[in-house]
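Here are the chains, one letter per residue:
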Amino acid sequence: MTYLVYVAVFGAAVVLFLWLRDARIFFRTGLPGYRKAAYHGVLYGALASLGMMITLTTPAFEILGLGLILAALYLQGRIIREKVWNNEDTLDRFLGRVPLHRANKK
């Protein structure tokens, strides 16, 4: 087992964290960009989990597993989202704290 296994586990955890953060922002604001990001995050989380499992179980295919994780991170970052922060702290942005107002509320 090499250090790449730890990189794979950390990368998969980051993908899943970003998915949960996008879902939290969508549930708090109702913005369609974050809805799309949350839905696609399920697929990217599955792709990253598959990459992590390949890396953990088959040492010969560590690079393939890392490639799947990096692809999930790349694709997750390409989704266009609305701007929800103005002057918030880094911790608020990291945790996905946004004001409680729904965009689709009448």
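Just above, that's the structure.
Here's a quick rundown of the structure. Note that the coordinates shown come from a computational prediction; the quantities given were computed from them, not determined experimentally.

As for the packing of helix H1 (residues 3-29) against helix H3 (residues 62-77)
Where H1 contacts H3, the axes come no closer than 10 Å and their chain directions differ by 25°. The angle between the axes of H1 and H3 places the two elements in the roughly parallel class. Of the two elements, H1 crosses H3, and the hand of that crossing is left-handed. In this structure, H1 uses Leu 4, Val 5, Val 7, Ala 8, Gly 11, Ala 12, Val 14, Val 15, Leu 18, Trp 19 and Asp 22 to contact H3, whose residues at the interface are Glu 62, Ile 63, Leu 66, Ile 69, Ala 72, Leu 73 and Gln 76. Residues that form the contact of H1 with H3 fall into these classes: 14 nonpolar, two polar and two charged.

Here's the deal with the nonpolar core
Leu 4, Ala 8, Ala 12, Val 15, Ala 37, Tyr 44, Ala 48, Met 52, Leu 66, Ile 69, Ala 72 and Ile 79 together form the largest nonpolar core, which totals 12 residues. At the level of secondary structure, the elements contributing two or more residues to this core comprise H1, helix H2 (32-57) and H3. If you look at the next biggest cluster of nonpolar residues, it comprises seven residues, including Ile 25, Phe 26, Val 84 and Val 98.

Section: H1
Over its 27 residues, H1 runs 39 Å from end to end, which matches the ideal 39 Å to within 8%, given 1.5 Å per residue. Taken as a whole, H1 has its buried residues at Leu 4, Val 5, Ala 8, Gly 11, Ala 12, Val 15, Arg 21, Asp 22, Ala 23, Ile 25, Phe 26 and Thr 29. Within two residues after H1, Gly 30 carries a phi angle of roughly 75°, on the positive side.

Thoughts on the packing of aromatic side chains
In this structure the tally under the stated criterion is two aromatic pairs. With a centroid separation of 5.5 Å and an interplanar angle of 50°, the aromatic rings of Phe 26 and Phe 27 are classed as tilted.

Some details on a nonpolar patch on the surface
A contiguous nonpolar surface patch, about 560 Å² in accessible area, is contributed by Met 1, Tyr 3, Tyr 6 and Val 7. Along the polypeptide, Tyr 6 turns up in helix H1. Overall, Tyr 6 belongs to the exposed group, its relative accessible area being 56%.

A look at the pattern of salt bridges
Applying the stated criterion across every chain yields a total of two salt bridges. Asp 22 is the partner of Arg 81 in a salt bridge, and the nearest nitrogen-oxygen pair spans 3.1 Å. In this pair, Arg 81 sits in the loop between H3 and helix H4 (90-95) while Asp 22 sits in helix H1, placing the two residues 59 residues apart along the sequence. By relative accessible area, which is 26% here, Arg 81 ends up partly exposed. Ionic pairing is found between Arg 97 and Asp 92, a salt bridge with its closest N-O pair at 2.9 Å. Take Arg 97: its relative accessible area is 39%, and that puts it in the partly exposed class.

Conventions and cut-offs
- Residues numbered from 1 in each chain as written.
- Predicted model: local features only at pLDDT ≥ 70, side-chain atom pairs only at ≥ 80, totals over all residues.
- Heavy atoms only, no water.
- Axes fitted to C-alpha atoms, helices over the stretch in contact; angles between N-to-C directions.
- Helix = DSSP H or I, 4+ residues; strand = E, 2+ residues; numbered from the N terminus.
- Parallel < 35°, antiparallel > 145°, perpendicular 65-115°, else oblique.
- Left-handed = near helix turned anticlockwise from the far one by under 90°.
- Contact = heavy atoms within 4.5 Å.
- Nonpolar A, V, L, I, M, F, W, Y, C, P; charged D, E, K, R; others polar.
- Core = buried A, V, L, I, M, F, W, Y, C linked by side-chain atoms within 4.5 Å.
- Buried < 20%, exposed > 50% of the residue type's maximum accessible area, 1.4 Å probe, protein only.
- Expected span 1.5 Å × (residues − 1).
- Phe/Tyr/Trp six-rings, centres within 6.5 Å; stacked < 30°, edge-to-face > 60°.
- Patch = residues over 30% accessible without salt bridge, like charges linked within 9 Å, V, L, I, M, F, W, Y side chains within 5 Å.
- Areas by Shrake-Rupley, 256 points an atom, 1.4 Å probe, with all protein chains shown as cover.
- Salt bridge = Lys/Arg side-chain N within 4 Å of Asp/Glu carboxyl O.

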